[in-house]
Amino acid sequence: MSKGQKMKRTFHDNLILNRYLLSLFNQDNLEKFKQRLGDDRFEGIDNDGQTKFFHELTSGRLFQSDLISENDLRRYDLNIVKHWQQITEHRNNAEGHILKLKYFQYLSLLFTEIYLDFYFNHPEKLLSQLNAQLKAHLAEDAQAPEFQSYTKEDLNKIAFWNATGSGKTLLMHVNILQYLDYCKNRHDLTVFVITPNEGLSKQHLNEFIASNLSATIFDRNKGVQSNGLFNDIQIIEISKLSEKT
């Protein structure tokens, strides 16, 4: 790169929600988190039922106690342990060893816990803090696009970006359980998993079975099918969606 040439702006430069979540733990990028949590010795569950990641976060004072209390962090951690053990129980028996969360998987689930808790229980605080993060971002980065402030209507859509081979399928299964924990009307909830083709639909069905989650391939002739606690997870190819149906 020649002297004075500007580095090309990337998508990552504008991830306000990601920046906000990192800021809760006194971090400004994932690489610094990796330096603290990326060691294999932090993987697994401690004798008190909490993850070793949790103990490192709290002993190292890596979180903003005025925004997230240690009790909240403890609760989030226990939720992650509960959900992870549910979806890995059959897999552990089949594979003969315990599947442990990697630091990047743990952080993805921890960020989800925080977001869902704030979204369902403290939406005004979430809105205010996101807009404060956006304002700070615009003030610090002269090249940043002039994003509009967040509104409450913006908060019900989030996206996850995880690398190939990072265990996205298992994380999605935990995400579903996390959402069911926080949503107010879980009995009326239908989860749709949209896939690019029939082969992947069948693959996802087998993965849900392995995770002890009730799922089915969507059949338009039968409609949404339910077995009880909530409507079964419905798997459908994107080619079968239309504006009318």
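Being a predicted model, the structure only gives us computed values, none of them experimental.

Observations regarding the overall build of the protein chain
Thought 1: When helices and strands are tallied, the protein chain shows eight helices and three strands.
Thought 2: Tracing the protein chain from N to C terminus, the helices and strands come up as α-α-α-α-α-α-α-β-α-β-β.
Thought 3: In the protein chain, which comprises 245 residues, the proportion classed as buried is 39%.
Thought 4: Partitioning the contacts of the protein chain with sequence separation of at least 6, the portion at a separation of at least 24 is 66%.
Thought 5: Just so you have it, the protein chain exposes about 14,700 Å², and 50% of that area is on carbon and sulfur atoms.

What to know about the nonpolar core
Thought 1: By size, the foremost hydrophobic cluster in this structure holds 51 residues, and its most contacted members are F25, F33, L57, Y106, L110 and I114.
Thought 2: Filtering out sequence-adjacent residues up to four positions away, F33 remains in contact with L22, F25, Q27, G38, L57, L62, L107 and F111.

Quick notes on the pattern of salt bridges
Thought 1: In the structure shown here, the tally under the stated rule is twelve salt bridges.
Thought 2: Between K102 and E43 there is a salt bridge, and its shortest N-O distance comes to 3.2 Å. In this pair, K102 is assigned in the loop between α4 (70–95) and α5 (103–121) and E43 in the loop between α2 (30–37) and α3 (52–59), connecting sequence segments 59 residues apart.
Thought 3: Note on E43: relative accessible area 10%, which makes it buried.

Side note on the side chain of H204
Thought 1: The topology assignment puts H204 in helix α8 (residues 198–210).
Thought 2: Judged by its relative accessible area of 17%, H204 is buried.
Thought 3: Among residues more than four places away in sequence, those in contact with H204 are T169, M172, T195 and I235.

A few points about helix α7 (residues 168–182)
Thought 1: When the terminal C-alpha atoms of α7 are compared, their 21 Å separation across 15 residues agrees well with the 21 Å that a helix rising 1.5 Å per residue should span.
Thought 2: When α7 is considered as a whole, its buried residues turn out to be L170, L171, H173, V174, N175, I176, L177, Q178, L180 and Y182.

So, a nonpolar patch on the surface
Thought 1: On the surface, a nonpolar cluster with roughly 390 Å² of combined accessible area is contributed by F192, I194, I238 and L241.
Thought 2: Along the chain, L241 falls in the segment after β3 (231–237).
Thought 3: For L241, a relative accessible area of 43% gives the class partly exposed.

Some remarks on the packing of aromatic side chains
Thought 1: Tallied over the entire structure, the rule returns eight aromatic pairs.
Thought 2: Residues F25 and F33 carry aromatic rings whose centres are separated by 5.8 Å and whose planes lie at 50° to one another, so their mutual orientation is tilted. In terms of burial, F25 and F33 fall into one category: buried.
Thought 3: On the basis of an interplanar angle of 70° and a centroid distance of 5.5 Å, the ring pair of F120 and Y179 is categorised as edge-to-face. Taken together, the residues F120 in helix α5 and Y179 in helix α7 connect sequence positions 59 residues apart.
Thought 4: What makes F120 buried here is its relative accessible area of 17%.
Thought 5: Here the aromatic cluster, defined as three or more aromatic residues joined through ring pairs, consists of Y115, Y119, F120 and Y179.

Focus on α5
Thought 1: If you check α5, its first and last C-alpha atoms are 27 Å apart, about what 19 residues at 1.5 Å a residue would give, namely 27 Å.
Thought 2: Most of α5 is tucked away: 16 of the 19 residues are buried.

Overview of the confidence of the model for the protein chain
Thought 1: When the pLDDT values of the protein chain are averaged, the result is 86; 87% of them are 70 or greater.
Thought 2: Counting contacts from residues 1–6, a segment whose pLDDT is below 50, to residues more than four positions away or on other chains yields three contacts.

Brief notes about the packing of α5 against α7
Each pair of packed helices can be described by the angle between their axes along with the distance between the axes.
Thought 1: Relative orientation of the contacting elements α5 and α7 amounts to 25°, with a least axis distance of 10 Å. Viewed along their axes, α5 and α7 adopt a mutual orientation that is roughly parallel. α5 and α7 meet at a crossing whose hand is right-handed. Between α5 and α7, the residues in contact are Q105, S108, L109, T112, E113, L116, D117, F120 and N121 and L171, V174, N175, Q178, Y179 and Y182, respectively.
Thought 2: Counted by class, the contact of α5 with α7 contains seven nonpolar, six polar and two charged residues.

Reading the values: rules and limits
Throughout, a residue's number is its position along its own chain's written sequence, starting from 1. With pLDDT at 70 or above as the cut-off, local features in this predicted model cover only qualifying residues; side-chain atom pairs require 80 or more to be listed or tallied, and sums for whole chains, interfaces and linings still use all residues. With hydrogens and water stripped out, all remaining heavy atoms of the structure feed into the side-chain values. The way it works is that DSSP assigns letters per residue, a run of H or I at least four long becomes a helix, a run of E at least two long becomes a strand, and they are numbered from the N terminus. Whether a residue is buried, partly exposed or exposed follows from its accessible area with a 1.4 Å probe, protein chains only, as a fraction of its type maximum: under 20%, in between, or over 50%, in that order. Two residues qualify as a contact provided that any one of their heavy atoms is within 4.5 Å of a heavy atom in the partner residue. The accessible surface values rely on the Shrake-Rupley method and a 1.4 Å probe; as for residues, cover is taken only from the protein chains in view. Here, nonpolar core refers to any group of buried Ala, Val, Leu, Ile, Met, Phe, Trp, Tyr and Cys residues whose side-chain atoms link them within 4.5 Å. For this document, the term salt bridge refers to a Lys or Arg side-chain nitrogen within 4 Å of an Asp or Glu carboxyl oxygen. A helix is expected to reach a length of 1.5 Å times the quantity of its residues less one. Residues forming no salt bridge and having over 30% relative accessible area are the ones grouped into patches, like charges within 9 Å of each other and nonpolar side chains (Val, Leu, Ile, Met, Phe, Trp, Tyr) within 5 Å. Stacked, edge-to-face and tilted are the three classes for Phe, Tyr and Trp ring pairs, Trp counted by its six-membered ring, which pair at centre distances within 6.5 Å; planes under 30 degrees apart are stacked, over 60 edge-to-face, the rest tilted. The score called pLDDT rates the predictor's confidence residue by residue, from a low of 0 to a high of 100. Note on geometry: axes are C-alpha line fits, over the in-contact stretch for helices, and angles between N-to-C directions span 0 to 180 degrees. If an angle is under 35 degrees, it is roughly parallel; if it is over 145, roughly antiparallel; if it lies from 65 to 115, roughly perpendicular; otherwise it is oblique. In this scheme the crossing of two helices becomes right-handed for a clockwise turn of the near helix relative to the far one and left-handed for an anticlockwise turn of less than a right angle. Under the grouping applied here, Gly and all other residues not named as nonpolar or charged are polar, the nonpolar ones being Ala, Val, Leu, Ile, Met, Phe, Trp, Tyr, Cys and Pro and the charged ones Asp, Glu, Lys and Arg.

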